[in-house]
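Residue-level listing of the chains:
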Amino acid sequence: MLFSDLPADARVWVFTADRTLGDADEERLLGAVGQFAAQWTSHGRPVPGEAALLHGRFLVVAAHLPGGVSGCGIDSMTRAVEEAGRAAGGGWLGGLHVAWRDADGAVQARPRADFRRQVRAGAVTAATPVFVTTVETLGDLRDGGLERPAGSSWHARAFRLPTPA
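Residue numbering note: each chain is counted from 1, following its sequence as written. A pLDDT threshold of at least 70 governs which residues receive local features in this predicted model, and a stricter bar of 80 or more applies before side-chain atom pairs are shown or counted, although totals over entire chains, interfaces and linings include all residues. Side-chain calculation: all heavy atoms of the structure are included, whereas hydrogens and water are not.

Time to look at the sheet that holds strand β1 (residues 11-16). Strands sit in the order β1-β5-β4 across an open sheet of three strands; the sheet is antiparallel. At either end of the open sheet lies a strand with only one pairing partner, and these are β1 and β4 (49-54). Pairwise comparison of adjacent strand axes, ignoring direction, gives a mean angle of 20° for this sheet. With six bridges connecting them, β4 and strand β5 (residues 58-63) associate as antiparallel partners. Note on β5: the bridge partner recorded for Leu54 is Phe58. In this analysis, two residues are considered to be in contact whenever any of their non-hydrogen atoms come within 4.5 Å of each other. Angles shown run from 0 to 180 degrees and are taken between the N-to-C directions of axes, each axis being a line fitted to C-alpha atoms and, for helices, limited to the stretch in contact. Numbering goes from the N terminus for both helices and strands, where a helix is a DSSP run of H or I of at least four residues and a strand is a run of E of at least two. Across the face of the sheet, helix α1 (residues 23-39) comes into contact with β4 and β5 while running at roughly 165° to β4. Each of β1 and β5 touches helix α2 (residues 71-87); the most contacted strand, β1, lies at about 30° to it. Strand pairing is assigned whenever DSSP identifies at least 2 bridges connecting the two strands.

In structure tokens form, the structure reads like this:
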């Protein structure tokens with residue numbers, strides 16, 4: 001089970017890499033984020049947190065602190081993730097990108113306008129696997145996974161995906 005030491009109500013943040021990471025890059029990334037997590041604090045309180053890379057492309061950081069992680073604690077984690085991404089030779093895509101699997105099974109991550117064009121062209125349907133990087137809790141991630149059919153995610157409404165007959 002993903003992050004088995006953390007409860008279902010743990011907060012999660014998902015970062016999408018600008019490319020698929022190889023084994024050496026993944027090791028550097030997780031090593032750097034792990035070092036940060038070992039000393040992560042929020043208003044002087046230790047933050048129990050962990051990180052994992054899913055599908056070679058999505059860094060998931062999970063943390064549980066009663067009362068929540070402060071904005072300053074989240075900012076410090078975000079800075080650490082950005083630095084770790086640079087150390088691994090890459091960067092992170094902004095929130096206006098959508099990630100999905102193409103017909104060959106490869107992960108694609110493009111701006112929303114490009115995804116919309118794929119929908120209109122019929123290359124993306126309700127059955128297309130998309131990555132829901134907006135999950136907020138570990139329970140949601142565990143229950144639904146990061147990868148879901150587009151028709152059962154926010155993508156269906158936002159991009160007016162035709163529903164299967």
